[in-house]
Amino acid sequence: MKTYISILLIFLFGLNTCYSQTRYKDDIFSDVRIRTLVYADTLKLDFYDVKKDREELKPLVIIVHGGGFVAGQRNGGDEKGLGRALAKKGYAVASIDYRLSQRKQSFGCDYRTSQKMRTYLETAADLNKSIWYLTNYYKSFNVDPNNVILVGSSAGAEMVLNAVIMKNHYLFKTIYYSDAKIKGIISFSGATLNNDYLTKENAVPMLFFHGKLDPKVPYALAAHHNCNERSDGYVLLDGPKIITQRLKELNESYSLYVDLEGGHNWAEWGYAYKDIITTFLYENVLHGVKIQNIETITPPPSKR
């Protein structure tokens, strides 16, 4: 009898522990699988999920790597780390490739503004192709077309911000957009071309990590790569300080973590703050808790 009771107590304790875990907040899985798929032409994505997860219509997180539009990869260590971490919590995650038509070239001040705009448009189009692919076949991927979250670092952060904020710009109107609903954005060292296009209709909760002294992608309003206004590649960008001011006016949620002495390293360092990312996704994106927060942050322990 004592043995039976002990076994029963162990079972009940295990059952209680299982149910005490909250989906999208805690780790509820361990066996994440990664499938590599072609979503358009020769462009690939890595799809992270759990085979035995029976949940239908899961939030979809799309990760877009950095690399200055000339380098980078979908399956780098940071992308893999975040993809696995979110999949363990029950999200469906895709990390995508996009066109690097200027590979091994400069995207700096010697790269003509017109060519930069072409690159911005091409890559935003690729992002939207991946969104269409994953949400058009949503039953195959068990993703919710009305619950898509975009995550980007550096060039990838510019991509996700432009794809949402610049949607109504006359050039970006040439891109095909699916009917999927973007519900949130996470930016590691990102900026947008023109914050004036951020309206009540396209504003969503946004989380930013940025170095105030970033010489490549501005924290406030400045030229891309600090280019001189007479240079061939002069382009003004609105950084997170400007974007969050607009989000405040629109009464939309935002959270900005700024390193007062930091530079462009936050394109990588932001990935390390998975607890902040998880809380933002769970509370502010999925459950609509309002937040308007700006606070300072320091590099992750391994970088101090």
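Below you will find a few notes about this structure. In this text the structure is predicted, and so the values were computed from the model without any measurement.

A few words on the sheet that holds strand E5 (residues 143-153). Read from one edge of the open sheet, 9 strands run E1-E2-E4-E3-E5-E6-E7-E10-E11, paired in mixed fashion. In the strand order of this sheet, the two ends are held by strand E1 (33-40) and strand E11 (292-296), each with one partner. Taken pair by pair, the neighbouring strands of this sheet meet at an average axis angle of 20°, ignoring direction. With 6 bridges joining them, E5 and strand E6 (residues 182-188) adopt parallel strand pairing. Following the sheet pairing, Gly152 is matched in E6 by Ser187. Strand contacts of helix H5 (residues 155-165): strand E3 (58-64), E5, E6 and strand E7 (206-211), with the helix running at about 135° to E5, the strand carrying the most contacts.

For Ala220, the location among the structural elements is in the loop between E7 and strand E8 (221-223). Measuring from C-alpha to C-alpha, the distance between Ala220 and Ile276 comes to 22 Å, with 56 residues separating the pair along the chain. The contact partners of Ala220, leaving out residues within four places of it in the chain, are Leu237, Asp238, Gly239, Lys241 and Ile242.

Summarising burial for E5: 10 of the 11 residues are buried, a large majority. Direction of pairing for E3 relative to E5: parallel, over a ladder of 6 bridges. Along E5, the bridge assignment pairs Leu60 with Val148.

Moving on: the pattern of salt bridges. Under the definition given, this model contains 9 salt bridges. Of the charged contacts in the structure, one is a salt bridge between Lys58 and Asp53, with a shortest N-O distance of 3.6 Å. Given a relative accessible area of 1%, Lys58 falls into the buried group. A residue is classified by how much of its surface remains accessible, and Asp53, at 7% relative accessible area, is buried.

Moving on: the packing of helix H2 (residues 77-88) against helix H8 (residues 274-286). It is at 12 Å that the axes of H2 and H8 come closest, and there the two elements cross at 45°. Taken together, the axis directions place H2 and H8 in an arrangement best described as oblique. In terms of crossing hand, the pair formed by H2 and H8 is right-handed. Along the contact surface, H2 presents Gly81, Leu82, Ala85 and Leu86, while H8 presents Lys274, Ile277 and Leu281. Of the residues that constitute the contact of H2 with H8, the class distribution is 5 nonpolar, 1 polar and 1 charged.

Cut-off values and rules
- Residues numbered from 1 in each chain as written.
- Predicted model: local features only at pLDDT ≥ 70, side-chain atom pairs only at ≥ 80, totals over all residues.
- Heavy atoms only, no water.
- Pairing = 2+ DSSP bridges.
- Helix = DSSP H or I, 4+ residues; strand = E, 2+ residues; numbered from the N terminus.
- Axes fitted to C-alpha atoms, helices over the stretch in contact; angles between N-to-C directions.
- Contact = heavy atoms within 4.5 Å.
- Buried < 20%, exposed > 50% of the residue type's maximum accessible area, 1.4 Å probe, protein only.
- Salt bridge = Lys/Arg side-chain N within 4 Å of Asp/Glu carboxyl O.
- Parallel < 35°, antiparallel > 145°, perpendicular 65-115°, else oblique.
- Left-handed = near helix turned anticlockwise from the far one by under 90°.
- Nonpolar A, V, L, I, M, F, W, Y, C, P; charged D, E, K, R; others polar.

So yeah, pure geometry; function would need other evidence.
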